[in-house]
Structures are given as structure tokens and as C-alpha cells.
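Report on the structure
Now for the letters of each chain:
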Amino acid sequence: MIVATFVLLSCAAALFAYRAVRGPSIVDRVVAVDGLVIIAIGAIAADAVRYDDARFADAAILLAIIAFVGTGIVARFIERRGG
């Protein structure tokens, strides 16, 4: 079951990476990078379940906080830029 989870996460990551590279606007790229971070959080959570180790949860929470703050900063930049 964990293998299927990682396969689906990998497929989603490939699609988000494609959108991050080919996105016609900066907003598309920001959303794609945010999606990649969410996939990374999901991969960390799946790894925590696989190894039955709660220490991975701290890394996932930290990554989520950093992504939230980063997305907010980029959104403010886009809003001020008018894009």
C-alpha cells in the first residue's frame, strides 16, 4: 500500500513539476511549487507511517509552516507587482 502511495505521489509531483516549468504565468508556477511542497509533506507522512516513527511529523509540520509563509510572501509580491 505504501508503494502505491509513493507511485501516486511521484505521478502528481511530475505533473506539478511540468506546470512549474511550463506555467504561462507566475501564479501558475507558484501554485505548482506549492503543490510540490504538499506532495513532499505527504511523502514525509507516508514515510513516517512506513517506519512507524513520529519524528518525521516534526519535519512535515515545519515544512508546512515554511511553505505557508513563503506562499504568503510570494502572493503579496504578486499583488504589489500587479501580475
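Presented here is an overview of the structure given in this document. (Residues numbered from 1 in each chain as written. Predicted model: local features only at pLDDT ≥ 70, side-chain atom pairs only at ≥ 80, totals over all residues. Heavy atoms only, no water.)

In this section: the overall build of the chain. Check the secondary structure of the chain and you find 3 helices and 0 strands. Each helix and strand of the chain, placed in order from N terminus to C terminus, yields the pattern α-α-α. C-alpha extents for the chain along the principal axes are approximately 45 × 25 × 10 Å. Across the 83 residues in the chain, those meeting the buried criterion constitute 16%. Of all intrachain contacts in the chain linking residues separated by at least 6 positions in sequence, the fraction that spans at least 24 positions is 48%. Here the chain displays about 6,000 Å² of accessible surface, and carbon together with sulfur accounts for 71% of that area. The distance from the centre of the 8 positive side-chain charges to the centre of the 7 negative ones in the chain is 13 Å. (Helix = DSSP H or I, 4+ residues; strand = E, 2+ residues; numbered from the N terminus. Buried < 20%, exposed > 50% of the residue type's maximum accessible area, 1.4 Å probe, protein only. Contact = heavy atoms within 4.5 Å. Areas by Shrake-Rupley, 256 points an atom, 1.4 Å probe, with all protein chains shown as cover. Lys, Arg positive; Asp, Glu negative; His and termini not counted. Charge placed at Lys NZ, Arg CZ, Asp CG, Glu CD.)

What follows concerns unusual backbone geometry. The phi angle at D52 is positive, at roughly 55°, despite the residue not being glycine. If you trace the backbone, D52 turns up in the loop between α2 (26–51) and α3 (55–81). The exposed category is assigned to D52, whose relative accessible area is 72%.

Moving on, we get to a nonpolar patch on the surface. A contiguous nonpolar surface patch, about 540 Å² in accessible area, is contributed by I61, I65, F68, V69 and I73. With respect to the element layout, I65 can be found in helix α3. The class for I65 is partly exposed, based on a relative accessible area of 49%. (Patch = residues over 30% accessible without salt bridge, like charges linked within 9 Å, V, L, I, M, F, W, Y side chains within 5 Å. Salt bridge = Lys/Arg side-chain N within 4 Å of Asp/Glu carboxyl O.)

This part takes up the pattern of salt bridges. Within the structure shown, the criterion is met by 2 salt bridges. Note that D47 is salt-bridged to R50, the shortest N-O span being 2.6 Å. Taken together, the positions of D47 and R50, both in helix α2 and 3 residues apart, correspond to about one turn of that helix. A relative accessible area of 18% places D47 in the buried class.

The next thing to look at is the environment of L15. Tracing the backbone through its elements, the reader meets L15 in helix α1 (residues 2–22). C-alpha separation for the pair L15 and I44, spaced 29 residues apart in sequence, amounts to 19 Å.

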